[in-house]
Amino acid sequence: MQSPSMLRRDLLKLAELLATGALAAAAISLLLTGRVPSIPPAAAVDISLYLTLYALMSTGIKLGVDGFLMAKAAEPEALNSISLRRFCIAWMLPTTACCALFAGWRFGWIVVLPCAVGLWLDARAILIAVMLTGRGDSTPMSIGTLLNLPLFFALLVLASLFTVPNMGVVAALFSVTSIIRFLFLAGKGALPSGSSEIPMAVLAGLGLQQVLNFLLFRGDQVLLGLDRSGSLVGGLAEASLPAYLASAKFYEMACSVTVLICMVALPRNRQLAERAPASTISPKLTRLADIAARSPQGYLTGALVAVSLVALVLFWLSADWPLYIPFAVAAGLALPVNFRTFVALRQDRLRPLLKALLGALLGGVVFLVLVGLPVPLERLALLAPIQMLLFLGLLRR
């Protein structure tokens, strides 16, 4: 049972992290809805897609090290003995170069150098931030977030008053904020430099889980980011695509709320941190007791799945419904999806989690094939909720 002081501290952490994330989501939504006259909607779309692919590349570069370091942060001796030298040289450096070249292919070669600088520094900054957060100090992470996306949007709006912000300007400004964030966080802590290298096999599984989880929630935006010629997604009119991405940003903000709730709530729940103890008398009774103990989460998941299925069927039968309905459904499903994911990770059930993610993404691919290419925007909006429903069905307790 939490004391009032611990509860207040956790709620303050939640509000602090949520406020910084909400600022970033609100800023990109203002751009996409044309509230910043100096930035055309077409430019806002490119900026949004660049940031989405940038986030995916950053997730791959970190390869799960952030989760590993956060888990070790409560053990100072174990953390200080870790070395990241081989990981940085053998994985982060070549992966950063490949990602920057990919960004150049997609958005123009002028973005290669600033993208590489930003990815390299952001990965290191995030690793420092999660270590500090794991030790109970989330303020540096919140300030670091303010120094990244919100500061980037402020600089972007300022620059747009003097010039049309092409992708070169966008990438350069974003790399400037990455430098500022890294310098701030580097002053608060440093990456461990011990003698014990992190096993790459451990990181590979965690890194794959993070990438697959990113695609589960934001696969539609990744598809839009990869679509240079319009052969994958249809209906990319100047008016419809910004509206689509604006709805997606509000959905992302709702997802971030559920992630933060899980981060604050689950560490206090010892019952969910461990598997149910084996019973030598009656395994069936143990199983029933386990289900009964978790019944509130089960009832919530069942209710959200039922409502989601009804909403998706109605939307499918009448595509004239507002586009935000599938995103609202996905936002509701984000709570049980994130909850199940966090519990599976805490119980060291990585393999079933990866199988469920792969199965859900494969189901998403089948859905896109059945719809046919190019996929209309109103059907693409169904991708995330369909994948979430499949994930919930495939991941067993």
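Residues numbered from 1 in each chain as written. Predicted model: local features only at pLDDT ≥ 70, side-chain atom pairs only at ≥ 80, totals over all residues. Heavy atoms only, no water.

### Some words on the packing of aromatic side chains
- The final tally for this structure, using the stated rule, is seven aromatic pairs.
- For the pair Phe-152 and Phe-174, a centre-to-centre distance of 5.1 Å together with 85 degrees between the ring planes defines the contact as edge-to-face. Here Phe-152 is found in helix 8 (residues 149-160), whereas its partner Phe-174 is found in helix 9 (residues 167-186), with 22 residues between them in sequence.
- Since its relative accessible area comes to 3%, Phe-174 is described here as buried.
- Its guanidinium or amino end placed over the ring of Phe-107, Arg-106 lies 4.7 Å from that ring's centre, counting from NZ or CZ. (Phe/Tyr/Trp six-rings, centres within 6.5 Å; stacked < 30°, edge-to-face > 60°. Helix = DSSP H or I, 4+ residues; strand = E, 2+ residues; numbered from the N terminus. Buried < 20%, exposed > 50% of the residue type's maximum accessible area, 1.4 Å probe, protein only. Lys NZ or Arg CZ within 6 Å of the ring centre and 35° of its normal.)

### What about the confidence of the model for the chain?
- Looking at the chain, pLDDT values average 77 and 71% of them are 70 or higher.
- Taken element by element, the predicted model of the chain shows its lowest mean pLDDT in helix 13 (residues 283-293) (39) and its highest in helix 9 (94).
- Taken together, the stretch residues 1-7 has pLDDT below 50 and engages in four contacts with residues farther than four places along the chain or on a different chain.
- Here residues 267-295 is a poorly scored stretch, pLDDT under 50, and it has 26 contacts once near neighbours within four places are set aside; other chains count. (pLDDT = per-residue confidence, 0-100. Contact = heavy atoms within 4.5 Å.)

### Digging into the layout of surface pockets
- Considering only enclosed or pocket space, the second largest pocket measures out at about 280 Å³ in volume.
- Lining of the second largest pocket is provided by 14 residues; of these, Gly-219, Leu-223, Val-365, Leu-368 and Leu-383 occupy positions nearest its centre.
- Counting only elements with at least two residues in the lining of the second largest pocket, the list comes to helix 10 (200-226), helix 16 (350-371) and helix 18 (383-394).
- Considering only residue class, the lining of the second largest pocket consists of 11 nonpolar, three polar and no charged. (1 Å grid on protein atoms, 1.4 Å probe; cavity = no way out; pocket = protein on both sides within 12 Å on 5 of 7 lines; lining within 4 Å. Points joined across faces, edges and corners; volume = space filled by probe spheres on them. Nonpolar A, V, L, I, M, F, W, Y, C, P; charged D, E, K, R; others polar.)

### With respect to the pattern of salt bridges
- Taken as a whole and judged by the stated rule, the model has one salt bridge.
- Linking Asp-122 and Arg-181 is a salt bridge whose minimum nitrogen-to-oxygen distance equals 2.9 Å. Taken together, the residues span a long stretch of sequence, with Asp-122 in helix 6 (residues 112-134) and Arg-181 in helix 9 at a distance of 59 residues.
- A residue is classified by how much of its surface remains accessible, and Asp-122, at 2% relative accessible area, is buried.
- Judged by its relative accessible area of 10%, Arg-181 is buried. (Salt bridge = Lys/Arg side-chain N within 4 Å of Asp/Glu carboxyl O.)

### A closer look at helix 15 (residues 324-346)
- For helix 15, which comprises 23 residues, the first-to-last C-alpha distance of 33 Å matches the rise-based estimate of 33 Å (1.5 Å per residue) to within 8%.
- For helix 15, the principal kink sits at Ala-334 and spans about 35 degrees; a proline, Pro-336, occurs within the next four residues.
- Positive backbone phi, at 60 degrees, marks Asp-348, one or two positions downstream of helix 15. (Expected span 1.5 Å × (residues − 1). Bend = angle between axes of the 7 residues up to and from the residue.)

### Quick word on a nonpolar patch on the surface
- Taken together, the side chains of Leu-362, Val-365, Val-366, Val-369 and Leu-370 make up a nonpolar region of the molecular surface, amounting to roughly 510 Å² of accessible area.
- Positionally, Val-369 belongs in helix 16.
- Its relative accessible area of 60% is what places Val-369 among the exposed residues. (Patch = residues over 30% accessible without salt bridge, like charges linked within 9 Å, V, L, I, M, F, W, Y side chains within 5 Å. Areas by Shrake-Rupley, 256 points an atom, 1.4 Å probe, with all protein chains shown as cover.)

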